[in-house]
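# Structural features, examined
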Amino acid sequence: MSSIAKDRAQASRAYLKAAVADGGGVRTSTSLLLLDTGAAIGFAAGLAGSVVAVPHGVAAMLPWALLAGVSAIARGACAMLAARVGAGGAYRAKTRLRRRIVEAALHRAPGSDATTGTLMSAAVDEVDAIDGYVARFLPARMAASIAPLIVLAATAVASPIAAGILVATFFPFLAAMILAGGAAADASRRQFVALARLSGLFADRIGALPVILAFRAEQREARALGAASEDLARRTMAVLRVAFLSSGALEFFAALSVALVAVYAGFNLLGLLPFPVPETLDLGRAFFVLALAPEFYAPMRRLAAAYHDRQAAETAAERLAEVERAKAAPPPTVPVWSGVAPTIRFNSVSIRYDGQDHAAVSGVSFEACPGMIVALIGPSGSGKSSLLHLLLGLAPLSEGRVRICTPSPLPEREGPGVGRLPHYPSSAAKIGQPTPNPSLSGRGADAVLDLAQIGSIAPIAAWMGQSPLILAGTIGSNIALADPTASAERIAEVARVAGLSPMLLARGGLGAVIDARGSGLSGGERRRIALARALLKPAPVLLLDEPTAHFDADSEARLVEAIARACVGRTTIIATHSARLAAIADVVIDLGERT
Ligand SMILES: Nc1ncnc2c1ncn2[C@@H]1O[C@H](COP(=O)(O)OP(=O)(O)OP(=O)(O)O)[C@@H](O)[C@H]1O
């Protein structure tokens, strides 16, 4: 194994160790497997005692037969409980890990190139890959390091030479296992990478199905999926080849050791050994060591069966660690936001995405005050959305500063916090001048927060993005995502203000069910849902990205009026190509002039 592969394997093991740290389930499961070995010794002793007692009648046989029977039942119970406890431990470890992975996926650093498909594959398949590791491999590994010694000790008490035979067959077996294990690790890693690639590819292509159909790229995408699944099949066959080889070696040495013990015990019993030995076995001891010999390899068999689980888990751990590494660092300061509209000051702000030569935005300065609308205009690609994303922690700040000034004090505390924000009316008229925020009067001196310190203003911002999220459910529940506590009347009101009435009439109201693809909602209707969502959120900052795109002139005029009303008392920044919408802004920043 190269040193890079070694480092990688070590890092994966350390990650797995930390991920399954509770260990309680593993220890209990291991103890049950060791009890199973103890019961196996009892079973062998019971069998041997029964055989020896046959000439002395049923009464003499009975206690031995009872011992064998109780031991057999105990073995069954231990095996069942070990599987159950292991599965419980694996479930808990997976739940904890999945929570961490989903959190890392949701809070990934701005500019991360992970696709939805790879993140889904990480949260579902790769977390599931640690199931066998915790439920089977870890208990089997711990048991395999102790149980053979117990069997060996019990065998040595009856026949030290039979114990010596077991030890002698163990070393070539170990060498074969190490060789097979190394080959299995590589093959298994390659197989798992192929599986993750296929799952990610499949999930992404399903998400992009309408686009694929529109561009008639079905054949090409089907070929790509076919190639990925053939690759997976090839790698799976390689894993199976190694698995068959290693289980062949295991079975060979297990059978060899039992055969050698049987031959030795039989010849010793008959006094036909061709060489002198310092022990003479009687029937009971000979039967005991013979019945116990298969148990020497049983823990190793169990470990070999679970070995693939370890490879799968280590490969998954590499990818899970990558997802966690891509998680954005938590902001150093976590403010408790008040519901007061802040002043947002951009000072020589530049945004450069990872891996890009040029800054998407450079040297932008402006100020958005409470009650004021700032319109960001400029040609496509001039960085309007990037500035909004910056405020939400979705784009990286590479130069300059963004400060959030609010008249209310913002004490720091542990954990994210946002109090109940006041209701921002959508009924007051918006006049062309900045409107003083009524809630500001009587407040103390400004508290100034640095965006670089707080990471995002998402808790106090209502955002309408360019690609609105639509979830399977009703139209009403999609709007209510912004404020699950909102009343039906309030949802109906924002839906009306956002211009959804004609669509709701046609589809049967807010209770109309839509699927995750939106059940044929038009681009404009999706945007209206997103706008309604933004208007519903009782947030003091409103960030709208192209709210009037896809609208005809009349609808646009009505929507511009509605937006003007909704902005009263809030700090609003709108990215737009619409001259009509820009006309209601107090400040217009033309990003095109800067390039
Ligand atoms: N995540 C990203 N990674 C790399 N580059 C990005 C990313 N997001 C945006 N960009 C680039 O940054 C530049 C500005 O993009 P942005 O979406 O901010 O422009 P825009 O003015 O909003 O465009 P439009 O009017 O078309 O919406 C573009 O060149 C874009 O390709």
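Bear in mind that the values here come from a model prediction, so they are computed numbers and not experimental data. (Residues numbered from 1 in each chain as written. Predicted model: local features only at pLDDT ≥ 70, side-chain atom pairs only at ≥ 80, totals over all residues. Heavy atoms only, no water.)

### Thoughts on the sheet that holds strand S12 (residues 571-575)
- One open sheet holds the 5 strands; their spatial order is S8-S11-S12-S4-S13, and the pairing between them is parallel. Edge positions in the sheet fall to strand S8 (461-464) and strand S13 (587-590), since each of these pairs with one other strand and no more. When strand polarity is set aside, the average angle formed by the axes of neighbouring strands in this sheet is 15°.
- Note: strand S4 (residues 373-377) against S13, 4 bridges, orientation parallel. Within the sheet, the bridge partner assigned to Ile377 lies in S13 and is Asp590.
- Sheet contacts for helix H10 (residues 384-391): S4, S8, strand S11 (541-545) and S12; angle to S11, the most-contacted strand, approximately 145°. (Pairing = 2+ DSSP bridges. Helix = DSSP H or I, 4+ residues; strand = E, 2+ residues; numbered from the N terminus. Axes fitted to C-alpha atoms, helices over the stretch in contact; angles between N-to-C directions. Contact = heavy atoms within 4.5 Å.)

### A closer look at the UniProt feature "transmembrane region" (unreviewed entry) in the chain
- Using the residue numbers shown here, the UniProt feature "transmembrane region" (unreviewed entry) corresponds to residues 33-58, 64-91, 146-174 and 238-263.
- Taken end to end, residues 33-58 is 85% helix and 0% strand, and its first and last C-alpha atoms sit 32 Å apart.
- As a span, residues 146-174 carries 97% helix and 0% strand, and end to end its C-alpha atoms are 15 Å apart. (UniProt positions renumbered as here; feature names shortened; annotations may be inferred.)

### Points about the packing of helix H13 (residues 488-497) against helix H15 (residues 523-536)
- Remark: H13 packs on H15, axes separated minimally by 8 Å, with the N-to-C direction vectors making an angle of 130°. Considering the angle they form, H13 stands oblique to H15. Crossing angle aside, the handedness with which H13 passes H15 is right-handed. Across from Arg490, Ile491, Val494, Ala495 and Val497 in H13, the residues of H15 making contact are Ala532, Leu535 and Leu536.
- Here the residues of the contact of H13 with H15 are counted per class, giving 7 nonpolar, no polar and 1 charged. (Parallel < 35°, antiparallel > 145°, perpendicular 65-115°, else oblique. Left-handed = near helix turned anticlockwise from the far one by under 90°. Nonpolar A, V, L, I, M, F, W, Y, C, P; charged D, E, K, R; others polar.)

### Overview of the side chain of Arg570
- Here Arg570 is to be found in the loop between helix H16 (553-566) and S12.
- Buried and without a salt bridge, Arg570 has Glu493 as its closest oppositely charged side chain, separated by 9.1 Å.
- Polar side-chain contacts of Arg570 include one of 3.0 Å to the backbone oxygen of Ala566. (Buried < 20%, exposed > 50% of the residue type's maximum accessible area, 1.4 Å probe, protein only. Lys, Arg positive; Asp, Glu negative; His and termini not counted. Salt bridge = Lys/Arg side-chain N within 4 Å of Asp/Glu carboxyl O. Polar contact = N/O pair within 3.5 Å; in protein donor to acceptor, adjacent residues only side chain to side chain.)

### A word on the pairing of strand S5 (residues 399-406)
- Judged from the 6 bridges that link them, strand S2 (residues 343-351) and S5 form a sheet pairing that is antiparallel. Looking at S5, one finds that Ser350 is bridged to Glu399.
- Summarising the sheet, S5 and strand S7 (residues 447-450) pair through 4 bridges and their orientation is antiparallel. Counterpart to Thr406 in the pairing with S7 is Ala447.

### Observations concerning helix H3 (residues 58-106)
- The first and last C-alpha atoms of H3 sit 70 Å apart over 49 residues, in line with the 72 Å expected at 1.5 Å per residue.
- Along H3, the helix axis deviates most sharply at Trp64, where the bend reaches about 25°. (Expected span 1.5 Å × (residues − 1). Bend = angle between axes of the 7 residues up to and from the residue.)

### Overview of the packing of helix H5 (residues 131-158) against helix H9 (residues 283-325)
- Relative to each other, H5 and H9 sit at 160°, their axes nearing to 8 Å. Relative to H9, the element H5 lies roughly antiparallel. Considering only the axes of H5 and H9, their crossing is left-handed.
- Per-class residue counts for the contact of H5 with H9 are 22 nonpolar, 2 polar and 7 charged.

### Quick notes on the pattern of salt bridges
- Taken as a whole and judged by the stated rule, the model has 21 salt bridges.
- Lys94 is the salt-bridge partner of Asp131, the closest N and O atoms lying 2.9 Å from each other. Within this pair, whereas Asp131 is found in helix H5, its partner Lys94 is found in helix H3, the two being separated by 37 residues in sequence.
- Taking relative accessible area as the criterion, Asp131 reaches 23% and is therefore assigned partly exposed.
- Of the residues examined, Lys94 reaches a relative accessible area of 11% and is grouped as buried.
- Shared partners join several salt bridges into a network, and the residues in it are Asp36, Arg75, Glu295 and Arg302.

### Thoughts on the sheet that holds strand S3 (residues 361-368)
- One open sheet accounts for 4 strands, arranged S3-S2-S5-S7; its pairing is antiparallel. Each end of this open sheet is capped by a strand with a single partner; those strands are S3 and S7. Here the strands of the sheet are splayed against their neighbours by 15° on average, with no regard to which way each runs.

### A short note on a nonpolar patch on the surface
- Taken together, the side chains of Phe43, Leu47, Val52, Val263, Phe267, Leu269, Leu270, Leu272, Leu283 and Phe287 define a hydrophobic patch exposed on the protein surface, amounting to about 830 Å² of accessible area.
- It is helix H8 (residues 218-270) that contributes the most residues to the nonpolar patch, 4 residues altogether.
- If you trace the backbone, Leu272 turns up in the loop between H8 and H9. (Patch = residues over 30% accessible without salt bridge, like charges linked within 9 Å, V, L, I, M, F, W, Y side chains within 5 Å. Areas by Shrake-Rupley, 256 points an atom, 1.4 Å probe, with all protein chains shown as cover.)

### Thoughts on the nonpolar core
- With 43 residues, the main nonpolar core has Ile475, Ile479, Leu500, Ile529, Leu531, Leu544 and Ile563 as its most contacted residues.
- Apart from the residues within four sequence positions on either side, Ile563 is in contact with Leu531, Leu544, Pro547, Ile574, Leu581 and Ile584.
- Formed by 33 residues, the second largest nonpolar core is a distinct cluster that contains Val364, Met372, Leu390 and Leu449. (Core = buried A, V, L, I, M, F, W, Y, C linked by side-chain atoms within 4.5 Å.)

### Brief notes about the site of the ligand
- If you check the shell around the ligand, you find 14 residues, and the closest are Ser380, Lys384, Ser385, Ser386 and Gln466.
- The backbone of Gly381 places a nitrogen or oxygen atom 2.9 Å from an oxygen atom of the ligand.
- With respect to the ligand, the backbone of Gly383 contributes an N or O atom lying 3.0 Å from an oxygen atom.
- When the free accessible area of the ligand is taken as 640 Å², the share hidden by the protein chains comes to 63%.
- Considering only residue class, the shell around the ligand consists of 3 nonpolar, 9 polar and 2 charged. (Near = heavy atom within 4 Å.)

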